[in-house]
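Residues per chain are reported as follows:
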Amino acid sequence: MLFFSFFKTLVDHEITVELKNEICIRGTLKSVDQFLNMKLDNAGVVEDVRWPHLVSTKDLFIRGSVVRYVHLPSSAVDTQLLEDATRREAEAAKNKAK
Amino acid sequence: MADVEVGVATEVPEPLELVRLCVDEVVIVKLRGDRELKGRLHAYDSHLNLVLGDVEETIYIVDDEDEDVESVRTIKKQSEMLFVRGDSVVLVSPTR
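Residues numbered from 1 in each chain as written. Chains lettered and ligands numbered in written order. Predicted model: local features only at pLDDT ≥ 70, side-chain atom pairs only at ≥ 80, totals over all residues. Heavy atoms only, no water.

Going by an unreviewed UniProt entry, chain B carries the name LSM complex subunit LSM3 and comes from Delitschia confertaspora ATCC 74209. Quoted verbatim from the Sequence similarities (unreviewed entry) heading of the UniProt record, the comment on chain B is "Belongs to the snRNP Sm proteins family." Taken directly from UniProt, the Function (unreviewed entry) text for chain B runs: "Binds specifically to the 3'-terminal U-tract of U6 snRNA." (UniProt positions renumbered as here; feature names shortened; annotations may be inferred.)

Going by what an unreviewed UniProt entry lists, chain A is known as LSM complex subunit LSm2 and is assigned to Delitschia confertaspora ATCC 74209. The annotation that UniProt attaches to chain A under Function (unreviewed entry) is "Component of LSm protein complexes, which are involved in RNA processing and may function in a chaperone-like manner." What UniProt states about chain A under its Subcellular location (unreviewed entry) heading is, verbatim, "Nucleus".

Here it is, written out as structure tokens:
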């Protein structure tokens, strides 16, 4: 749930999604779900010469499982908050396992 | 059936405990597809989804045009903040 909440805070930010097949797509994050599927608006392929068949894509849905990386604007990420949330989640998971 | 001791295992730390201790530390992450990341760990979950800051990505490419001459090229990329999906992660290791 941590990363679902995290990505919800990044809605309306410009992100670059790198897929497992090397394609990079840059766009505005419009929505995300629990599987980390994403919807991007005003999306475009970063190297459109290499992937000409994707030039026309504008608004798109990305299945979470095909994502390798998401490049984020560091200005949009509160690292202290993120680390605290991570520790809290780790603690909760540990207590649940007992 | 052998007797199973109950109550002894409660203090055995889980493997993810090691990752928890790496939060806010620089880690090396090996990934599927001959990739490696080095960066500061800001977040993780049980799937090993990660958020790393100030990341250097190294991609290893083996050129084997000739059968006996095998050379490894590397490509380095920088990223200020990176989310990594857990299903690509092979290992996480502290640097110190």
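The rest of the description comes next.
## Comments concerning the overall build of chain A
Check the secondary structure of chain A and you find two helices and five strands. Helices and strands in chain A line up, N terminus first, as α-β-β-β-β-β-α. When the backbone C-alpha atoms are referred to their principal axes, chain A occupies close to 50 × 25 × 20 Å. Of all 98 residues assigned to chain A, the portion counted as buried reaches 43%. Counting only contacts in chain A whose residues sit at least 6 apart along the sequence, the fraction spanning at least 24 positions is 46%. By element, 54% of the accessible surface of chain A is carried by carbon and sulfur atoms, the whole surface being about 5500 Å². Between the averaged position of the 14 positive side-chain charges in chain A and that of its 14 negative side-chain charges there is a distance of 6 Å. (Helix = DSSP H or I, 4+ residues; strand = E, 2+ residues; numbered from the N terminus. Buried < 20%, exposed > 50% of the residue type's maximum accessible area, 1.4 Å probe, protein only. Contact = heavy atoms within 4.5 Å. Areas by Shrake-Rupley, 256 points an atom, 1.4 Å probe, with all protein chains shown as cover. Lys, Arg positive; Asp, Glu negative; His and termini not counted. Charge placed at Lys NZ, Arg CZ, Asp CG, Glu CD.)

## Considering the sheet that holds strand β3 (residues 38-45) of chain A
Taken in spatial order, the 10 strands make up an open sheet running β4(A)-β3(A)-β2(A)-β1(A)-β5(A)-β4(B)-β3(B)-β2(B)-β1(B)-β5(B), and their pairing is antiparallel. Strands at the two margins of the open sheet, each flanked by one partner only, are β4 (60-62) of chain A together with β5 (89-94) of chain B. The mean angle between the axes of side-by-side strands here comes to 40°, regardless of whether they run parallel or antiparallel. Where strand β3 (residues 50-63) of chain B lies against strand β4 (residues 71-84) of chain B, 13 bridges are found, and the strand directions are antiparallel. Within β4(B), the residue paired with Leu52(B) across the bridge is Leu82(B). Contacts between helix α2 (residues 79-97) of chain A and the sheet are confined to β2 (35-44), β3 and β4 of chain B, with β2(B) contributing the most and set at about 80° to the helix. (Pairing = 2+ DSSP bridges. Axes fitted to C-alpha atoms, helices over the stretch in contact; angles between N-to-C directions.)

## What about the pairing of β2(B)?
Residues and elements named next belong to chain B. Burial analysis of β2 places eight of its 10 residues in the buried class, which makes it a mostly covered element. The pairing of strand β1 (residues 26-31) with β2 spans six bridges and is antiparallel. Note that in β2 the partner of Ile 28 across the bridge is Lys 38. Between the end of β1 and the start of β2, which pair antiparallel, lie three residues, with Gly 33 showing a positive phi angle near 80°. For β2 and β3, the ladder comprises eight bridges, and the chain directions are antiparallel. Within β3, the residue paired with Lys 38 across the bridge is Glu 56.

## Concerning unusual backbone geometry
Positive phi, close to 75°, is recorded for Asp12(A), a residue that is not glycine. Within the secondary structure, Asp12(A) sits in the loop between α1 (2-9) and β1 (14-19).

## Comments concerning the interface of chain B and chain A
Across the contact, 26 residues belong to chain B and 28 residues belong to chain A. When the area that chain B buries against chain A is broken down by residue, the three leading residues are Met81(B), Phe83(B) and Arg85(B), summing to 29%. The interface formed by chain B and chain A includes four salt bridges. Measuring nitrogen to oxygen at the nearest pair gives 3.7 Å for the salt bridge that ties Arg35(B) to Glu18(A). Seen at the junction of chain B and chain A, the total is 10 residue pairs in polar contact (both at pLDDT 80 or more). Looking at the side of chain B that touches chain A, the elements with two or more residues in it are α1 (16-21), β2, β3 and β4 of chain B. A class-by-class count of the residues in the side of chain B that touches chain A yields 12 nonpolar, four polar and 10 charged. (Buried area = accessible area lost by both parts, 1.4 Å probe. Salt bridge = Lys/Arg side-chain N within 4 Å of Asp/Glu carboxyl O. Polar contact = N/O pair within 3.5 Å; in protein donor to acceptor, adjacent residues only side chain to side chain. Nonpolar A, V, L, I, M, F, W, Y, C, P; charged D, E, K, R; others polar.)

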